[in-house]
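Take a look at the letters that make up each chain.
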Amino acid sequence: MPHSQTHTCHDARTNADANYDCDIAIIGAGPAGTVAAKFLCDAGLSVIVLEAQTFPRFVIGESLLPNCMNVLERAGLLDAVQDAGFQHKNGAVFERGVQYQSIDFRENFEDAGWGTTFQVQRSRFDQILAQTTINAGADIRFGHKVTHAVLRDGDCVLDFENDAGETGQIRSTFVVDASGYGRVLPRMLGIAKSGSISDHSIARRAVFTHMRDHISDPAYDREKILITVHPVRTEIWYWLIPFSDGTASVGVIYPDQDPEFDGLDDQTIFDRLIGDTRLAPLLAKAEPTRPLNAIAGYSAQSDTLFGDGYVLLGNSAGFLDPVFSSGVTIAMHSAELAAKALIARNNGRTVDWDADYALPLNKGVETFRAYVDAWYDGRLQTIIFNQPDADNKLKRMVVSILAGYAWNLENPLVNKTDRYLEMLHDLCDPS
Ligand code: FAD
């Protein structure tokens with residue numbers, strides 16, 4: 001994709017008047033930004049997306065959940081994703097020592113909707129979403145970093161600097177911040193919180209890489225993400241996300257300020273922790289295809305999700321924890337909700353950003369937050385590794401959340417998450 005590619009919505013579909021460069025300016029062309037842009041363009045609004053990097057670019061977040069397929073479908077982005085040959089994913093396998101649980105996302109509580117999805121190299125996935133959104137009329141400007149914002153509903157100005165060192169401004173009626181880990185507006189407006197965002201959230205660190213995995217174990221299921229828990233220190237866990245080209249994403253999460261790892265380099269930590277598990281023989285012939293990466297203190301949230309002239313999407317609004325691969329699904333869900341509100345605003349309706357955006361988005365985020373807490377305090381691991389076979393309906397409720405259906409109020413585990421988690425834990429606790 002060229003460094004700075006410009007396509008605009010048809011003049012006939014453009015609502016911005018001559019004073020504006022576009023109706024809606026979006027910061028960031030990750031999944032949140034492109035899904036929002038696609039919905040808005042399809043509804044006839046003119047959209048400019050300013051993206052700091054040149055695509056393709058690496059970003060972590062490679063295992064999708066089935067629920068995001070529904071959003072991709074409604075956004076008209078699914079065909080392009082399905083045609084790309086990504087690795088099919090139908091569930092998750094959890095391993096802890098000799099304990100093993102395989103979960104099939106198709107055995108969920110939903111009446112309708114996707115039960116399968118993909119594991120994706122994000123460099124390609126994000127580029128496909130961006131290109132399809134450009135084809136639909138969005139003007140995505142790569143290599144354009146937003147440096148400043150002046151925001152007022154109906155009159156917003158973003159300052160940018162591009163890769164050539166040129167500066168400029170984009171004037172729009174509203175700004176969508178989908179800048180992910182960049183968290184442009186939260187930092188600029190002083191509304192960013194970081195660090196602990198849930199009961200059991202301490203700062204954690206991830207060390208990860210891509211490998212040509214050479215896995216030959218016939219029992220290994222490439223259609224599932226493998227989540228391995230450290231046999232002794234159960235707050236340490238690992239992901240193995242296979243891709244369709246024989247490579248895989250491998251990573252480990254451990255407490256950031258842990259004396260056990262003081263003074264050790266990333267490679268030593270990675271090798272030692274992998275060596276403690278069954279991943280070591282599974283990956284015995286694996287060869288790295290990327291250098292090790294590390295990211296720490298990634299959990300974040302903002303005091304507010306919207307304000308005068310702006311809304312925050314995806315990771316810019318907040319990020320919980322990678323354990324249930326919920327990040328991209330939440331990002332896409334936020335994009336769809338915000339786009340619907342902006343389309344209503346464009347049709348002359350007054351948007352109540354709390355009722356129309358923040359509250360419905362937070363319903364699902366809170367469900368995931370309860371799951372994350374229950375994972376790290378051990379309750380969810382007990383539920384996962386000791387599921388009572390008898391109660392199929394309860395199992396389906398749990399599987400639904402793991403498949404990303406965290407907003408379905410018909411599911412008691414969404415509506416009364418803590419109560420049901422407690423009840424399930426008591427049912428499953430062998431002691
Ligand atoms: P991003 O994908 O980060 O996109 C934001 C874009 O904004 C970027 O392209 C960036 O260049 C651009 N940008 C930033 N600053 C500026 C600026 N100043 N001007 C212009 N553009 C800017 N999620 C999953 O769903 N599945 C997983 O398996 C998973 N694993 C994870 C593992 C780890 C260790 C971590 C930390 C996270 C994981 N996630 C996972 C979460 C996932 O990475 C994010 O939730 C997801 O990428 C958020 O999408 P987004 O569109 O909000 O932001």
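The coordinates are above.
Residues numbered from 1 in each chain as written. Predicted model: local features only at pLDDT ≥ 70, side-chain atom pairs only at ≥ 80, totals over all residues. Heavy atoms only, no water.

(A) Expanded view of empty space enclosed by the protein. Taken as a whole, this structure holds four cavities of 30 Å³ or more when the rule is applied. The space that makes up the largest cavity amounts to roughly 80 Å³. Taken together, L65, K89, A92, F94, F105, I225, I227, V323, F324, S325 and L402 form the lining of the largest cavity. Where the lining of the largest cavity is concerned, the elements lending two or more residues are β4 (91-96) and β13 (224-229). Within the lining of the largest cavity, the residues separate by chemical class into nine nonpolar, one polar and one charged. (1 Å grid on protein atoms, 1.4 Å probe; cavity = no way out; pocket = protein on both sides within 12 Å on 5 of 7 lines; lining within 4 Å. Points joined across faces, edges and corners; volume = space filled by probe spheres on them. Helix = DSSP H or I, 4+ residues; strand = E, 2+ residues; numbered from the N terminus. Nonpolar A, V, L, I, M, F, W, Y, C, P; charged D, E, K, R; others polar.)

(B) Highlighting the nonpolar core. If you look at the biggest cluster of nonpolar residues, it comprises 125 residues, and the most contacted ones within it are I26, W239, L313 and W375. Per-element accounting of this core gives the leading share, twelve residues, to helix α10 (residues 353-376). For L313, the residues in contact, after removing those within four places along its chain, are A32, A36, V176, D177, A178, S334, A335, A338 and Y357. (Core = buried A, V, L, I, M, F, W, Y, C linked by side-chain atoms within 4.5 Å. Buried < 20%, exposed > 50% of the residue type's maximum accessible area, 1.4 Å probe, protein only. Contact = heavy atoms within 4.5 Å.)

(C) Geometry of the site of the ligand. Around the ligand there are 35 residues in total, and E51, I60, S63, R122 and N315 lie nearest to it. When the ligand is considered free in solution it has 1,000 Å² of accessible area, and contact with the protein chains removes 95% of it. The set of elements that each furnish at least two residues to the shell around the ligand consists of α1 (31-42), β8 (144-150), α8 (314-317) and α9 (327-346). (Near = heavy atom within 4 Å. Areas by Shrake-Rupley, 256 points an atom, 1.4 Å probe, with all protein chains shown as cover.)

(D) Structural context of the pairing of strand β14 (residues 237-242). Counting buried positions along β14 yields six of six residues, so the element is predominantly enclosed. Going residue by residue along β14, you find W237, W239 and I241 tucked away on one face and Y238, L240 and P242 tucked away on the opposite face as well. The pairing of β13 with β14 spans four bridges and is antiparallel. Residue T228 lies in a different strand from β14, and its bridge partner there is Y238. Looking at chain direction, β14 and strand β15 (residues 247-255) are connected through six bridges and run antiparallel. Residue pairing across strands places W237 opposite I253, the latter belonging to β15. Adjacent in sequence and paired antiparallel, β14 and β15 are bridged by four residues, among which G246 carries a positive phi angle near 85 degrees. (Pairing = 2+ DSSP bridges.)

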